[in-house]
Amino acid sequence: MSAVSDRLPTFPWDKLEPYKKTAAAHPGGIVDLSVGTPVDPVPDLVQKALIDAADSPGYPTVWGTPALRDAITGWVGRRLGAREVTHRHVLPIVGSKELVAWLPTQLGLGPGDRVAYPRLAYPTYEVGARLARAEYEVYDDPTELDPAGLKLLWLNSPSNPTGRVLSKEELTRIVAWARSHGILIFSDECYLELGWEADPVSVLHPDVNGGSYDGLVAVHSLSKRSNLAGYRAAFLAGDPAVLAPLLEIRKHGGMMTPAPTQAAVVAALGDDTHVHEQRERYLARRTLLREALRSHGFRIEHSEASLYLWATRDESCWSTVAHLADLGILVAPGDFYGEAGEKFVRVALTATDERVRSAVERLA
């Protein structure tokens, strides 16, 4: 077991514990803007669907019920503009993080194979490569990478942590380059429905992929759009030639989305109203925090989408973390996401309205 754990970096969030204690000691209590975990209620219709499916004594299937696959294919067509998507083009997963962490292993990658991901990125992309003993590297523009041995290219738009959105033109260029070299693209699009100053586009859109899903898979999650982080509800959509073997592997591994969660996903994907309502909540919090941070001397970069503000005072991220912790506000240091983030902090919008107002008052 140690041989596996030894491949992994230090769990970054453990480094934040002393600052969390400082923030928690504030007379007004902690305002935790460090982790992007939803705080608002699960929509009533989703809760009802979960409860109605609670009597599920049998094993669920890895591929999901036909109703779930119908819901996913319908949403992919309606929301992403994807065409001719069938059940063969979709695969439920048990939350997106497990997929990211185990994908290189499930693809059969190993020593000598290369995995690439953005220079500022979700740390689990690296973890997945390490678990498979594959090589890994970061990029600013993936088309500048050496394609030799590059087996898996991660895209992330909107970005976690920066909120940057890749334009339709950028995506089209990257997809064409990857295809010309036989490189598989997995596009992490979990924040796609949270665009503020940009309209994020999926790699599944025909303007990007030319009407073909060859070599392309998109990753989507209901954690943020529907407040279902606790349900572990996510799915893949794209190339059937990639998804079919993943389905077989996951069947052998018992990676099954629980039956009540499957029913809840059907309800969530079939309703757009609760998504619009949740967007408005996040937009209001974003507006308040953005102005308060700017007034406090921060500069906000990118952040045109997603659930975070990428902020800097042009100092060490840990100095900024300490400064804000003294005000009772906890944020994530930018170097959690790569060396390029060493002077930034990530500020999450996932706090209650009351806690956001408290943070704004303290920053003032």
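Presented here is a report on the structure given in the accompanying data block. (Residues numbered from 1 in each chain as written. Predicted model: local features only at pLDDT ≥ 70, side-chain atom pairs only at ≥ 80, totals over all residues. Heavy atoms only, no water.)

**Some points on the layout of surface pockets**
Counted as a void, the largest pocket has a volume near 1,300 Å³. For the largest pocket, the lining is made up of 47 residues, of which Trp13, Lys97, Tyr122, Pro123 and Thr124 are closest to its centre. Of all the secondary structure elements, the ones that give two or more residues to the lining of the largest pocket are helix H5 (96-106), strand E3 (114-118), helix H6 (124-131) and strand E4 (135-139). The element that contributes the greatest number of residues to the lining of the largest pocket is H6, accounting for six residues. Tallied by class, residues from the lining of the largest pocket come to 26 nonpolar, ten polar and eleven charged. Volume-wise, the second largest pocket comes out at about 340 Å³. Along the walls of the second largest pocket sit 18 residues, with Pro118, Arg119, Tyr139, Asp140 and Arg164 positioned nearest its centre. With three residues, helix H7 (residues 168-180) is the single largest residue contributor to the lining of the second largest pocket. By residue class, the composition of the lining of the second largest pocket is seven nonpolar, four polar and seven charged. (1 Å grid on protein atoms, 1.4 Å probe; cavity = no way out; pocket = protein on both sides within 12 Å on 5 of 7 lines; lining within 4 Å. Points joined across faces, edges and corners; volume = space filled by probe spheres on them. Helix = DSSP H or I, 4+ residues; strand = E, 2+ residues; numbered from the N terminus. Nonpolar A, V, L, I, M, F, W, Y, C, P; charged D, E, K, R; others polar.)

**Looking at the sheet that holds strand E9 (residues 299-301)**
Taken in spatial order, the four strands line up as E9-E10-E13-E12 in an open sheet, and their pairing is antiparallel. The open sheet is flanked by E9 and strand E12 (332-333), the only strands paired with a single partner. Strands E9, strand E10 (308-312) and strand E13 (344-348) of the sheet are contacted by helix H11 (residues 273-295), whose axis makes an angle of about 5 degrees with E10. (Pairing = 2+ DSSP bridges. Contact = heavy atoms within 4.5 Å. Axes fitted to C-alpha atoms, helices over the stretch in contact; angles between N-to-C directions.)

**Observations concerning the sheet that holds strand E8 (residues 234-238)**
A sheet is described by the order of its strands in space; here seven strands give the open sequence E2-E8-E7-E6-E5-E3-E4, paired in mixed fashion. Unpaired on one side and paired on the other, strand E2 (90-93) and E4 mark the two borders of the sheet. Each strand of the sheet is rotated relative to its neighbour by a mean of 20 degrees, with strand direction disregarded. With three bridges joining them, E3 and strand E5 (residues 150-156) adopt parallel strand pairing. From the neighbouring strand, Arg114 faces E5, where its bridge partner is Leu150. Contacting E2, strand E7 (216-221) and E8, helix H4 (residues 66-80) crosses the sheet at an angle of about 110 degrees to E2. Against the sheet, H6 contacts E3, E4, E5 and strand E6 (184-188), and its axis sits at roughly 155 degrees relative to E4.

**Some points on the pairing of E6**
The element E6 is extensively covered by neighbouring structure, given that five of its five residues are classed as buried. Burial of E6 is two-sided: the residues Leu184, Phe186 and Asp188 facing one way and the residues Ile185 and Ser187 facing the other way are all buried. Where E5 meets E6, five bridges bridge the pair, whose relative direction is parallel. Its bridge partner being in E6, Leu153 is matched across the sheet by Ile185. Between the parallel pair E5 and E6, the chain is carried across by H7, and the sense of this crossover is right-handed. Relative to E7, E6 runs parallel, the two being bridged by four bridges. Pairing of Asp188 across the sheet is with Val219, part of E7. (Buried < 20%, exposed > 50% of the residue type's maximum accessible area, 1.4 Å probe, protein only. Right-handed = clockwise from strand over helix to strand, strands pointing away.)

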